[in-house]
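Tertiary structure, described
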Amino acid sequence: MRSLLPPVIARRLWQILAGYGLIVTVIYAVLSSSTVATAGFLSLGVLTVAACFSGPRTWGAEPPAAWLLIGSAASLFLVGLLIRPVVTDYAMPWPLLADLCTFSGYVLIGSFFIVMLRRRESTERHAVLDGLIAMLSTGLTVVLLLALPAAAITGRSPVVSIVQACYPICDVVLAMLVVNLAFTTRTWPVSMVALLTVMVGMFTGDTLYAIAGVGGKIYASPLLDLPYLVAYTALGISAIHPSVVEISRAARPPVQAWSGWRMALLIPAMMTPFLLMLSHSAEPFRHRVLLAAIGSVMVVLLVLRAVSAVQAQVEAQLHSEHQASHDPLTSLPNRQAISGAIEQVVLSVDPLGPDRVWVYMLDLDGFKWVNDSWGHDTGDQLVIEVGRRLRAAVPDEIPVARVGGDEFLLAYVGDKAGALRLVDDIRGCFARPLPVRDTEVVISASIGIAHSSGDAVRSAVTAEALMRDADTAMYRAKSEGPGRSTIFDTSMHDQVRERIELEVMLRQALAEDQLHVAYQPIVRLETGVPVGAEALVRWMHPERGAIPPMTFIPIAEDAGLIGQIGTWVRNEALRQLGEWRRAGIVSEAFYLSINVSPRQLSEPELPLIVSGEMLKYGVPPASVALEMTESVMVDGSSVTARVLFELRELGVKLLVDDFGTGFSALGYLRRFPVTGVKIDRSFVTGLGVNVEDDEIVRAVVAMSHALGLSVIAEGVETTVQREALHQVGVVNGQGWLWGKAETAEVFAEQWHLEAEPPDIPLPVSSVTHGRHHRPGEPG
């Protein structure tokens, strides 16, 4: 419940209540029998009860029911205190009315502590045993010194004597709960300290009343209520202070140690029966029997406490060892544990036997995208599910470990046939979709495999080499595409070294402006005139020369540089387009197509950034197209979907690149605001040669036209392909038939508005047959 007061005032209310409680207490101590003191007591009690009901709700303390219990208890205590002076002089059973309210309050406040202990997960055997020892010691003292003398007083109703004797016993029970709470608390916020002050005030007040009861009095003086005023003030502070939310949070120490505070409680508690036995040597025999029995029980509890402490220490040690050797998220062994296990396997395998040691390194394909799209909590759930499936899919004797964020390691002993069968078992773990939030995703794993014979002499070195080589093979498998597996060979070391060097050089290239943007025309098939161009990043290394995008783009993705590169390409392309438009090199309808990565599309601020960039370079949204892969639509989160819709609202075109190579589901095209598709070059290559490719392209075109989407064919290299595309209704194309990607200067010189288009005549047959051109269709 939100507070109606300003936050600054709401956080200071406890100080106001503390000051008011101090004033009321002083007035009550000086003018205890006056109407002013009684009114002050009543007003403080009412404020405390209101604080118990409203404060925890304001700050969101849990559980709400617990604070309803203590608020009700405070109400009953207040009623009992106020009516006690009045009903004391009445005949029985009226004096018991105040006791009924008070005992009901004890039940409720005891219930409050039980609920809190369970909520804090603090009902541990160590604290319970300590509480029982303290309770027996205190209980024995109050029974012998207070309860039995009060019950033995003659001249009053036996019921009154029994009631007076029960008050100290109720305090003893509450004391056990408070001790349990105190001994399972690691931090001491203001609300917790105030709550313990409440109990001290109650114990003090009840003890004073019990002493008065030993003298045969039910009510002696209003000054006996002073401790209750302190208790009410502390209770209000506990309920209204912002730290009230921390009381129910589990914050117990990992091991209940023999701390100084515990010893300060337990040593006097253990001495109590023996001291009472010495001081009550003249008492009846039954009292001495009671002392001996309670003392024996306390000794037994102390022994149990010692045993419990040893067991807790052992459990803590085992837990610590388990944490040191296991992954906290999946509970699978970690790298340290699997390294030792592989070393033992290498040590035990006969180097001359048929069996070899096989180590498998798995890396989840697309895990980074899941993390970026749905968040790390979702990524953690995905890792847990993969770990569970792996452990269930392989025999128990095969160790499975998590050795990185999305990396798993397995070890197997056997021949090559068995090792390859295990690869199939591992892949089977990814055959079914994995649940992610409100949807399911299909991911795969790249698997690197290394193997070796047994080695009893250099087992540790061999184990480390196996894990390193499996990791190397995994990167090789990942470079070949998702879901691949590769067995290590020595040439891979050179490839890994090359990859590391390329990553370093790529970072230098970004800093030293070695990258540039090349532009490949997108032309209308009928006329050969460009309607747009695709901006493509190129890298010209000063020593190595041109480095192909297929080489450095995967490295950029793995190294987390793809977002930085994408942003730079987008800005450079928009700047160039703005210059071309102002110089009249391109027409108003000319557009530029720019690739965006899944990571960029998962950034909520992307539409605002793109809008600012277009405004900066003077480029209208209709002149910009953003290309994305099909995986964006399949695996996209709600954030990605919102980004796509906002980009489309700006007026930017949205194209699906390499269409047909991924999921190609009609539902995705209808669900997202895409404006066009680019048919992958693998289908274009077979046109006029492969009937299946002809039919696939025809189907894609028909589907796209039905959805109102534009179609661009990629990788057009021959006039045969161009004619076949035009016959099935493709309007625009892109490929080496019209030229490769060139620098901005070469592109402008070749495709200036005033220049003639390249002389590549379109066959007459393609102009007059099979056309489904829609006037004004954008690229």
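Residues numbered from 1 in each chain as written. Predicted model: local features only at pLDDT ≥ 70, side-chain atom pairs only at ≥ 80, totals over all residues. Heavy atoms only, no water.

A word on the overall build of the chain
Summing up its helical and strand segments, the chain has 29 helices and 16 strands in all. Relative to its full complement of 779 residues, the chain shows a buried share of 49%. Of all intrachain contacts in the chain linking residues separated by at least 6 positions in sequence, the fraction that spans at least 24 positions is 74%. Put simply, the chain shows about 36,100 Å² of open surface, and 62% of that area lies on carbon and sulfur atoms. (Helix = DSSP H or I, 4+ residues; strand = E, 2+ residues; numbered from the N terminus. Buried < 20%, exposed > 50% of the residue type's maximum accessible area, 1.4 Å probe, protein only. Contact = heavy atoms within 4.5 Å. Areas by Shrake-Rupley, 256 points an atom, 1.4 Å probe, with all protein chains shown as cover.)

Overview of the packing of aromatic side chains
Using the criterion set out here, one finds 12 aromatic pairs in the structure. A ring pair is formed by Tyr519 and Phe747, whose centres lie 6.3 Å apart and whose planes are at 55°; its orientation type is tilted. Taken together, the residues Tyr519 in strand β8 (residues 515-524) and Phe747 in helix α28 (residues 744-750) connect sequence positions 228 residues apart. Assessed through its relative accessible area of 0%, Tyr519 is described here as buried. Overall, Phe747 belongs to the buried group, its relative accessible area being 3%. Where Trp539 meets Phe552, the ring centres are 5.5 Å apart and the plane angle is 90°; that geometry is what we call edge-to-face. Of this pair, Trp539 sits in strand β9 (residues 530-541) while Phe552 is found in helix α18 (residues 549-559), placing the two residues 13 residues apart along the sequence. There is no split in this pair, since Trp539 and Phe552 are both buried. (Phe/Tyr/Trp six-rings, centres within 6.5 Å; stacked < 30°, edge-to-face > 60°.)

A word on the pairing of β9
In terms of burial, β9 is largely enclosed, as 10 of its 12 residues are buried. Of the pairings in the sheet, the one linking β8 to β9 comprises nine bridges and is antiparallel in character. Counted as the bridge partner of His516 is Arg538 from β9. Inspection of the sheet shows β9 paired to strand β11 (residues 591-595) by four bridges, in the parallel sense. Within β11, the position partnered with Ala533 by the bridge is Leu592. Linking β9 back to strand β10 (residues 545-547) in an antiparallel pair, the connection comprises three residues. (Pairing = 2+ DSSP bridges.)

Regarding helix α16 (residues 459-479)
Relative to the 30 Å expected for 21 residues at 1.5 Å per residue, α16 spans 30 Å between its end C-alpha atoms, a close match to the ideal helical length. Taken residue by residue, α16 has Ser459, Thr462, Ala463, Leu466, Met467, Asp469, Ala470, Thr472, Ala473, Met474 and Ala477 as its buried positions. The inward-facing, buried residues of α16 abut α12 (335-348), β1 (356-365), β3 (407-414), β6 (444-452), β7 (485-487) and α17 (491-512). (Expected span 1.5 Å × (residues − 1).)

Quick notes on the pattern of salt bridges
Inspection of the entire model under this criterion finds 19 salt bridges. The closest approach of N and O atoms between Arg507 and Glu503, which form a salt bridge, is 3.2 Å. Placement of the pair is Arg507 and Glu503 together in helix α17, with a separation of four residues, close to one helical turn. Classification of Arg507 as partly exposed rests on a relative accessible area of 40%. A salt bridge links Lys678 to Glu534, with the nearest nitrogen and oxygen atoms 3.0 Å apart. Of this pair, Lys678 sits in strand β14 (residues 676-679) while Glu534 sits in strand β9, placing them 144 residues apart in sequence. Glu534 carries the same exposure label as Lys678, and that label is buried. Via salt bridges that share partners, Arg499, Glu503, Arg507 and Asp558 belong to a single interconnected network. (Salt bridge = Lys/Arg side-chain N within 4 Å of Asp/Glu carboxyl O.)

Structural notes on a nonpolar patch on the surface
Taken together, Leu22, Ile23, Val26, Ile27, Val30, Leu31 and Val36 make up a surface patch of nonpolar side chains, about 640 Å² in accessible area. It is helix α2 (residues 13-30) that contributes the most residues to the nonpolar patch, five residues altogether. Tracing the backbone shows Val36 in helix α3 (residues 35-59). (Patch = residues over 30% accessible without salt bridge, like charges linked within 9 Å, V, L, I, M, F, W, Y side chains within 5 Å.)

Notes on the confidence of the model for the chain
With 84% of its residues at a pLDDT of 70 or more, the chain has an overall mean of 82. Segment residues 754-779 is flagged for pLDDT under 50; beyond a separation of four residues in sequence, or across chains, it makes 56 contacts in the model. (pLDDT = per-residue confidence, 0-100.)

A closer look at the pairing of β3
Burial runs high along β3: seven of the eight residues are buried. Judged from the eight bridges that link them, β1 and β3 form a sheet pairing that is antiparallel. Following the sheet pairing, Val359 is matched in β3 by Ala411. As defined by bridge partners, strand β2 (residues 400-402) adjoins β3 across three bridges and the pair is classed as antiparallel.

Description of unusual backbone geometry
Between Glu62 and Pro63 the backbone carries a cis peptide bond, its omega angle lying at -10°. Along the chain, the position of Pro63 falls in the loop between α3 and α4 (64-87).

A short note on the side chain of Ser243
On the secondary structure map, Ser243 appears in the loop between α9 (226-240) and α10 (260-279). The exposure class of Ser243 is buried, given its relative accessible area of 5%. There is a polar contact of 2.8 Å between the side chain of Ser243 and the side chain of His241. In this structure Ser243 touches Pro189, Val190 and Ser191, once residues within four positions along its chain are discounted. (Polar contact = N/O pair within 3.5 Å; in protein donor to acceptor, adjacent residues only side chain to side chain.)

Some details on the environment of Pro273
Within the fold, Pro273 resides in helix α10. Taking the C-alpha atoms as reference, Pro273 lies 9.8 Å from Thr138; in sequence the two are 135 residues apart.

Some points on the sheet that holds β7
The strand order across the open sheet built from five strands is β2-β3-β1-β6-β7, with neighbouring strands paired in mixed fashion. Each having just a single partner strand, β2 and β7 make up the two edges of the open sheet. When strand polarity is set aside, the average angle formed by the axes of neighbouring strands in this sheet is 20°. On top of the sheet, helix α15 (residues 416-428) reaches β1, β3, β6 and β7; it is set at about 20° to β1, its chief contact. (Axes fitted to C-alpha atoms, helices over the stretch in contact; angles between N-to-C directions.)

A look at the packing of α3 against α9
Here α3 crosses α9 at 20°, and the two axes come no closer than 7 Å. Classed by the angle they form, the pair α3 and α9 counts as roughly parallel. When you trace α3 past α9, the crossing you get is left-handed. Judged by residue contacts, Phe41, Leu44, Gly45, Thr48, Ala51, Cys52, Gly55, Pro56 and Trp59 of α3 engage Tyr228, Leu229, Tyr232, Thr233, Leu235, Gly236, Ala239 and Ile240 from α9. For the contact of α3 with α9, the class distribution of residues is 12 nonpolar, five polar and no charged. (Parallel < 35°, antiparallel > 145°, perpendicular 65-115°, else oblique. Left-handed = near helix turned anticlockwise from the far one by under 90°. Nonpolar A, V, L, I, M, F, W, Y, C, P; charged D, E, K, R; others polar.)

Considerations on the packing of helix α19 (residues 562-583) against helix α21 (residues 606-617)
Between α19 and α21, whose axes approach to 9 Å, the crossing angle comes to 30°. On the basis of their axis angle, the class for α19 and α21 is roughly parallel. Considering how the two elements wind past one another, α19 and α21 form a crossing that is right-handed. Packed against α19, whose contacting residues are Thr567, Arg570, Asn571, Leu574, Arg575, Gly578 and Arg582, the element α21 presents Leu606, Ile609, Val610, Glu613, Met614 and Tyr617 at the interface. Looking at the contact of α19 with α21 residue by residue, the classes come out as six nonpolar, three polar and four charged.

Observations concerning the environment of Trp736
Take Trp736: it is sitting in the loop between β16 (732-733) and α28. Looking at Trp736, the relative accessible area reads 61%, which means it is exposed. In this structure, the C-alpha to C-alpha distance between Trp736 and Glu717, residues 19 residues apart in sequence, is 5.1 Å. Not counting the four nearest positions on each side in its chain, Trp736 is found in contact with Gln520, Val716 and Glu717.

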